[in-house]
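Here's the letter readout for the chains.
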Amino acid sequence: MAEDTAGKGYRGNGQEAQRIMLSLPTAYCAACIVGVEGSLQQLPGVRSARVNLTLKRATIEADHDVEPQELADFLTSIGYEAYELDPGVLSTTATEKSSRDLLMRMGVAGFGMMNVMLLSVAVWAGATDATRDLFHWVSAAISLPIVAFSGQPFFKSAFTSLRARRLNMDVPISLALILASSISIYETANSGHHAYFDAAIMLTFFLLAGRYLDHRTRAVARSAAEELAALEVPRAHRVLADGKEEVVSVNEIAVGDLVRVVPGARVPVDGMVEEGESEVDRSLLTGESLPVFAGPGEMLSAGEVNLTGPLLIRVAAAGKDTSLHRMADLVAMAETSRNRYTSLADQAAKLYSPLVHVLALSAFLAWLWISAGDVRLSINIAVATLIITCPCALGLAVPAVTTAVSGKMFRQGMLLKSATATERLAQVDHVVFDKTGTLTEGKPRLDNYGDHTPEDLAVALALAQGSSHPLAQAIVNAAQDEGIRAARVSDAKEVPGHGIEAIWSGQTVRLGRAEWLGAKGIDRTATYLKIGKRPAVAFTFTDNLREGAAEAVASLKKQGMKVTLISGDAPAAVQDVAFRLGIEDYRASMLPDDKVAAVEAFRAEGRHVLMVGDGLNDTAALAAAHVSISPATALEATRVVSDIVLLGRSLEPIGGSVALSRSATKRIRENFGISAGYNLIAVPIALVGLATPLAAALAMSLSSITVSLNALRLKGTP
C-alpha cells in the first residue's frame, strides 16, 4: 500500500526509503506547518517531513515499514485532520465545496450583521428600560443562531485543537465569540445597559471574510505533477515473438520488449526505434517547435507523439522509469521545495494565539483583584481584550492587498494564482525566458520568398498543400499571400519522416529533408525543394516574435534585471531570437533537467528567479523558480504550476509586473504597520478597562476597514 501511494526514494546513507503523501484539508496557518512537521519528525522511522500549505499536503520520507495510514491516524489524533493521498483520485471537489461553504456562512453572517446593527442604532439613540430590553432580545434571537451557524469553521477547529491539547488561532476567536454572546445574554436577562450581540456577529463576519479571501487565493493552486501524470499512456501494443500483438498495461512492459506505436499515438515507453520511419513531436520533453525525424537507432521518450508512420520500439524504460514520469517527479519536488515560503501574515500569526490568551487571562485576574471580586467587570474586560486583539486586520493584511493587486493585474492582462506571488515577484532580480511559444509565436514564417522563381514556388506550393507539417504550411501561407497558383502534380505521396514527392511535367519533384534530397543542409530552420535533376533549393524560416516581447525584455533590463533565454531548440534558432531581443545570455538544446539545473544554479548564486515558459518541458523549471509566469496559450499542466497566467497575447505587461508587485509588498508591510499600531494603542486601552466589548468590536472593524482602504490605493499605481 505504501509503495503504491508514495513511490520510493533513496537517501544518502543508501537505505531504501519511501515517500508518503498525506492530505491536510484543515491546515491553514504557519502554526500548522510547525505542528505537523515537528510531530511527524519525532516518530520512529520518519526521516523528514515537509508541509506544502498551498496544496494542504505533507510529504514524508520514511522507512519502508512505516504505514501511511498510521501517520494519517496519528496526525488526526493530535488535531490535524489527515488522509492518505491517492494521486490517482485527486480532485478539486472538496476544495470547491469548502470555498462555497465559507462564502455561504459569510453571507448569512453579513445579512444578520446588518439587521442587528439596525436594532443597535435604537439602543445607541437612547432607548431605555423595556424598549432597550426588547431590542436586545430581538438581537439575541437573530445573532445567536447565526453566530452558532456561521462560526462553525472556528468552533470545529478550536474543538479539534483543544481535544488534542493544543492551541491554534481559532481557540481565542471561538472564546471571544462565546464570551461575547454569553455576557450579552447575561446583560439582557438582567436588564443591563449594554449587550454585545452586534459585536459578536460583526466579529464573525469579518473573520469569515478574511478566511474566505485567504482560502480562495490558496485554493486556486493545484499540483502540475498530476497533470503530467495524466499524460502517461496506460496501455501499449506489445509485439510477441511470433509477430502477434497484445494490448497490455504499461506496468507489465519489461525492458527489452517490443512495442508498436501507430501514427497519431503517444509513445508509451522510452526506447529505441527498431523498425519504421516517421516524424515525432517531442516538444513535451525538449521544447522543439518542429517535428523531428525518427528512424532505426533513434531514441524516443514516453509522451512524444508519433505523427506520420508506424514505429516498432525496443523498450529501454517503462512505467515509473520513463522520462515523463521523472519529469512529474521533478515538478512535485520543485513544488514541495517552495513550501517553506510563508507569508508575513502567517509568520506574525504564530505569536497570536498564546499572546492573546495570556493578555486576556492577565486582564481578567488583574481586574478580579482590583475590583475586589467583580466577576462581571473582569469578564467584560477580558472579552474586550479578546475582541480588540482579534487578527482581522492581520488576517486581511495580505488578502486585501492580494485582491486589489489581482484586479489591477487582471485589467493589465495577468491573472494571479498564488497569495504570495506578489511578494515573491517583488524580490525578482533575474528573469529566465523560454523561447518557442513564449518569446516567439511558435509559427514558422518563410523568410527567403524572393530568392525563388515563380516556377519553384508553384511546385513547392503544390507539394506543401498535401502536408500538415508546420514548414509546409508556412510555404502555403506565403505563396497564397502572394497570389501564387499551385502547379499541377500527380501521384503525390508523403514519405514518413522525409517529406513529399510527386510527378510534375514528367519529372520527380520532392519537398523535404536535405539528406533525402541529397542536398547539403544549412545551419538554419529550412526545408528543400528538388525538381528532377536540378540542385535542391532551400526554403528558410524564422519564427515571429511574440507581441510585446521586445518591450518586456527592454523594460526588465531597464529595471536592472538580468535576462536569460533557455530553450530546447537548436543553437542557431535560439541565437537568432536572442540577438533580435538583445539578450546576451542564451542557452540552447536544454532538456527539462538542464532547465531546472540552470534555475537552481541561479538560485544558488543568491538570485531570485522569475521563470516565463509555456511548454510541459518548462513545468519543472517553472515550479523550481522563485516565481513563475505562463501565457494563457500554454498547456494546462504548465498553467497549473505557474503563479501567474498571462491572459493576452502580448508579453508587455510582464515588464511592469515587478514594479506593481513591489508596490503591493509595500502596502502589505504598511498594513502590518497599521495592525501593529492599532494593537499598540487599542490593547492597553482594553487592558485598563476603558473599552467595552462593543467599542472593541468597533475598533477592530475600523482597523480592518483601514487595512482594506490602504490596499485599494494600489488602484492608483501605474
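In this text, all values refer to a predicted model and were calculated from it rather than measured experimentally.

1. Some points on the pairing of strand S4 (residues 57-63)
Where burial is concerned, most of S4 is hidden: five out of the seven residues are buried. Both strand S3 (residues 46-52) and S4 contribute to a ladder of six bridges, which runs antiparallel. Its bridge partner being in S4, Asn52 is matched across the sheet by Arg57.

2. Side note on the environment of Ser161
Relative to the helices and strands, Ser161 resides in helix H6 (residues 152-163). Relative accessible area serves as the criterion here: at 5%, Ser161 is assigned to the buried category. On a C-alpha basis, the gap between Ser161 and Ile78 in space is 7.5 Å, while along the polypeptide they are 83 residues apart.

3. Structural notes on the pairing of strand S25 (residues 609-612)
Burial along S25 is two-sided: Val609 and Met611 facing one way and Leu610 and Val612 facing the other are all buried. Here strand S16 (residues 430-433) pairs with S25 via four bridges, running parallel. Opposite Phe433, over in S25, you have Val612 as the bridge partner. Relative to strand S26 (residues 627-631), S25 is paired through three bridges, and the arrangement is parallel. When the sheet's bridge partners are listed, Val612 is paired in S26 with Ile629. As a crossover connection, the stretch from S25 through helix H24 (residues 619-624) into S26 is right-handed.

4. Topic: the packing of H6 against helix H7 (residues 170-189)
Contact pair H6 / H7: the axes reach a minimum separation of 8 Å and the direction vectors enclose 120°. Classified by the interaxial angle, the pair formed by H6 and H7 is oblique. Seen along the crossing, H6 lies across H7 with a hand that is left-handed. Of the residues in H7, those touching H6 at Pro153, Phe154, Phe155, Ser157, Ala158, Ser161 and Leu162 are Asp170, Val171, Ile173, Ser174, Leu177 and Ile178. Grouping the constituent residues of the contact of H6 with H7 by class yields nine nonpolar, three polar and one charged.

5. Looking at a negative patch on the surface
On the surface, a cluster of negative charge is made up of Asp65, Glu67, Glu70 and Asp73. Positionally, Glu67 belongs in the loop between S4 and helix H3 (68-77). For Glu67, a relative accessible area of 35% corresponds to the partly exposed category.

6. Overview of a nonpolar patch on the surface
A cluster of nonpolar side chains, namely Leu680, Ile681, Ile685, Val688 and Leu690, defines an oily patch on the protein surface of about 540 Å² accessible area. Along the chain, Ile681 falls in helix H26 (residues 652-687). Overall, Ile681 belongs to the exposed group, its relative accessible area being 58%.

7. A word on the confidence of the model for the chain
Summary statistics for the chain give a mean pLDDT of 78 and a share of 79% for residues scoring 70 or more. In this model residues 1-14 is a low-confidence stretch, pLDDT under 50, and it forms 33 contacts with partners more than four residues away in sequence or in other chains. Scored below 50 in pLDDT, residues 86-94 shows six contacts in the model against residues more than four places distant or in partner chains.

8. Re the pattern of salt bridges
Taken as a whole and assessed by the stated rule, the structure comprises 20 salt bridges. Residue Glu501 is joined to Lys493 by a salt bridge in which the shortest nitrogen-to-oxygen separation is 3.5 Å. Residue class for Glu501 comes out buried when judged on its relative accessible area of 14%. A residue is classified by how much of its surface remains accessible, and Lys493, at 48% relative accessible area, is partly exposed. Two residues, Glu600 and Arg603, come together in a salt bridge whose shortest N-O distance is 4.0 Å. Here the residue Glu600 and the residue Arg603 both occupy positions in helix H23 (residues 592-604), the gap between them amounting to three residues, near one helical turn. The network of salt bridges with common partners includes Arg238, Glu246 and Asp257.

9. A short note on the environment of Ser661
Mapped onto the elements, Ser661 comes out in helix H26. Residues Ser661 and Arg424 lie 237 residues apart in sequence; the distance between their C-alpha atoms is 8.3 Å. Among residues more than four places away in sequence, those in contact with Ser661 are Met409, Thr422, Leu425 and Ala426.

10. A short note on the environment of Cys32
Mapping Cys32 onto the fold places it in helix H2 (residues 30-41). Residue classification places Cys32 among the buried residues on the basis of a relative accessible area of 6%. Sequence separation of Cys32 and Gly79 is 47 residues, and the distance between their C-alpha atoms is 9.8 Å.

11. Considering the sheet that holds strand S10 (residues 278-281)
Ordered by their spatial adjacency, three strands build an open sheet running S11-S10-S13, and the pairing between neighbours is antiparallel. The strands lining the two open edges of the sheet, one partner per strand, are strand S11 (292-294) and strand S13 (305-306).

12. Describing the sheet that holds strand S6 (residues 235-239)
Pairing in this open sheet of six strands is antiparallel, and the strands run S7-S6-S8-S14-S9-S12 from one edge to the other. Looking along the sheet, the strands with just one partner apiece sit at the ends: strand S7 (245-249) and strand S12 (299-300). Looking at chain direction, S6 and strand S8 (residues 258-261) are connected through three bridges and run antiparallel. Bridge pairing in S8 links His237 to Arg260.

13. Things to note about H6
Between its first and last C-alpha atoms H6 spans 16 Å; for twelve residues at 1.5 Å apiece the expected length is 16 Å, and the two agree. Three or more residues of H6 are buried, namely Phe154, Ser157, Ala158 and Ser161. Burial along H6 is one-sided: seen end-on, the buried residues are contained in an arc of 100°. Residues Lys156, Phe159 and Arg163 are exposed on H6 and point more than 90 degrees away from its buried face.

Definitions and limits used
- Residues numbered from 1 in each chain as written.
- Predicted model: local features only at pLDDT ≥ 70, side-chain atom pairs only at ≥ 80, totals over all residues.
- Heavy atoms only, no water.
- Buried < 20%, exposed > 50% of the residue type's maximum accessible area, 1.4 Å probe, protein only.
- Helix = DSSP H or I, 4+ residues; strand = E, 2+ residues; numbered from the N terminus.
- Pairing = 2+ DSSP bridges.
- Right-handed = clockwise from strand over helix to strand, strands pointing away.
- Axes fitted to C-alpha atoms, helices over the stretch in contact; angles between N-to-C directions.
- Parallel < 35°, antiparallel > 145°, perpendicular 65-115°, else oblique.
- Left-handed = near helix turned anticlockwise from the far one by under 90°.
- Contact = heavy atoms within 4.5 Å.
- Nonpolar A, V, L, I, M, F, W, Y, C, P; charged D, E, K, R; others polar.
- Patch = residues over 30% accessible without salt bridge, like charges linked within 9 Å, V, L, I, M, F, W, Y side chains within 5 Å.
- Areas by Shrake-Rupley, 256 points an atom, 1.4 Å probe, with all protein chains shown as cover.
- Salt bridge = Lys/Arg side-chain N within 4 Å of Asp/Glu carboxyl O.
- Lys, Arg positive; Asp, Glu negative; His and termini not counted.
- Charge placed at Lys NZ, Arg CZ, Asp CG, Glu CD.
- pLDDT = per-residue confidence, 0-100.
- Expected span 1.5 Å × (residues − 1).
- Arc of directions from axis to C-beta.

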